[in-house]
Amino acid sequence: QVQLVESGGGLVQAGGSLRLSCAASGRTFSYYTMGWFRQAPGKEREFVATISWRGGSTYYTNSVQGRFTISRDNAKNTVYLQMNSLKPEDTAVYYCAARQGMVATGGYEYDYWGQGTQVTVSS
């Protein structure tokens, strides 16, 4: 199994930046596709970004493309989400997830999840 712990959330003003981190431990982190999802109050969980196990393939939801960057450092067992030009509509709990196989956008396709970290963007 894989254990995931997110960190780096907080309160920022619109236009600011945050970097989220997801520390992984357990079974062979390097061979898992990783993803970030988010859930705002009263809304369903939505896909944000994903990265392949080698880091060569990435995919983003349209609303964050050009502002967010997903990356990973397998030597450190960590995946990151750099969030720039933040908007109030980015406010949500952000979750890190892991799966075996190619990059995917559906939450149901991921096997392991972290506890989440709160991101709040003020206007």
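Whatever comes next refers back to the structure up there.
Below or above, wherever it landed, is the structure these notes cover. Because the structure is a prediction, the values reported are computed rather than measured.

## Examining the pattern of salt bridges
So, step 1. For the structure on display, the rule yields three salt bridges.
So, step 2. A salt bridge links Glu46 to Arg38, with the shortest nitrogen-to-oxygen separation between them at 2.7 Å.
So, step 3. Notably, a salt bridge pairs Asp90 with Arg38, separated by 3.0 Å at the nearest N-O pair. Placement of Asp90 in the loop between β8 (78-83) and β9 (92-99) and of Arg38 in strand β4 (residues 33-39) is noted, with a sequence separation of 52 residues between them. For the residue pair Asp90 and Arg38, the accessibility class agrees, reading buried in each case.
So, step 4. Where salt bridges share partners, they join Arg38, Glu46, Arg67 and Asp90 into one cluster.

## Some details on the nonpolar core
So, step 1. Met34, Trp36, Leu81 and Tyr94 are the most contacted members of the largest nonpolar core, which totals 27 residues.
So, step 2. Counting residues per element, the ones that place at least two in this core are β1 (2-7), β3 (18-26), β4, β5 (46-51), β7 (68-73), β8, β9 and β11 (117-122).
So, step 3. Phe37, Ala97, Ala104 and Tyr110 belong to the second largest nonpolar core, which has five residues in total.

## Things to note about the sheet that holds β3
So, step 1. As summarised here, the arrangement of the four strands in space is β1-β3-β8-β7, forming an open sheet in which the pairing is antiparallel. Each having just a single partner strand, β1 and β7 make up the two edges of the open sheet. In this sheet, neighbouring strand axes are inclined to one another by 15 degrees on average, regardless of whether the strands run parallel or antiparallel.
So, step 2. Across six bridges, β3 lies against β8 in antiparallel orientation. The residue bridging Arg19 from the neighbouring strand is Gln82, located in β8.

## Brief notes about the state of the cysteines
So, step 1. A complete count under the given rule lists one disulfide for this structure.
So, step 2. The disulfide bridge from Cys22 ends at Cys96, spanning 2.2 Å between sulfur atoms. Torsion about the S-S bond of the Cys22 and Cys96 cystine: about -80 degrees, corresponding to left-handed handedness. One end of the pair, Cys22, is in strand β3; the other, Cys96, is in strand β9, and 74 residues separate them in sequence.
So, step 3. The buried category is assigned to Cys22, whose relative accessible area is 0%.

## Remarks on the pairing of β5
So, step 1. Of all six residues in β5, five are buried, a share of seventy percent or more.
So, step 2. The pairing of β4 with β5 spans five bridges and is classified as antiparallel. Note that in β5 the partner of Met34 across the bridge is Ile51.
So, step 3. Following β4, the chain reverses through six residues before pairing antiparallel with β5; Gly42 in that reversal takes a positive phi of roughly 75 degrees.
So, step 4. Pairing of β5 with strand β6 (residues 58-60), which is carried by three bridges, proceeds in the antiparallel orientation.

Rules used in this analysis
Residues numbered from 1 in each chain as written. Predicted model: local features only at pLDDT ≥ 70, side-chain atom pairs only at ≥ 80, totals over all residues. Heavy atoms only, no water. Salt bridge = Lys/Arg side-chain N within 4 Å of Asp/Glu carboxyl O. Helix = DSSP H or I, 4+ residues; strand = E, 2+ residues; numbered from the N terminus. Buried < 20%, exposed > 50% of the residue type's maximum accessible area, 1.4 Å probe, protein only. Core = buried A, V, L, I, M, F, W, Y, C linked by side-chain atoms within 4.5 Å. Pairing = 2+ DSSP bridges. Axes fitted to C-alpha atoms, helices over the stretch in contact; angles between N-to-C directions. Disulfide = S-S within 2.5 Å.

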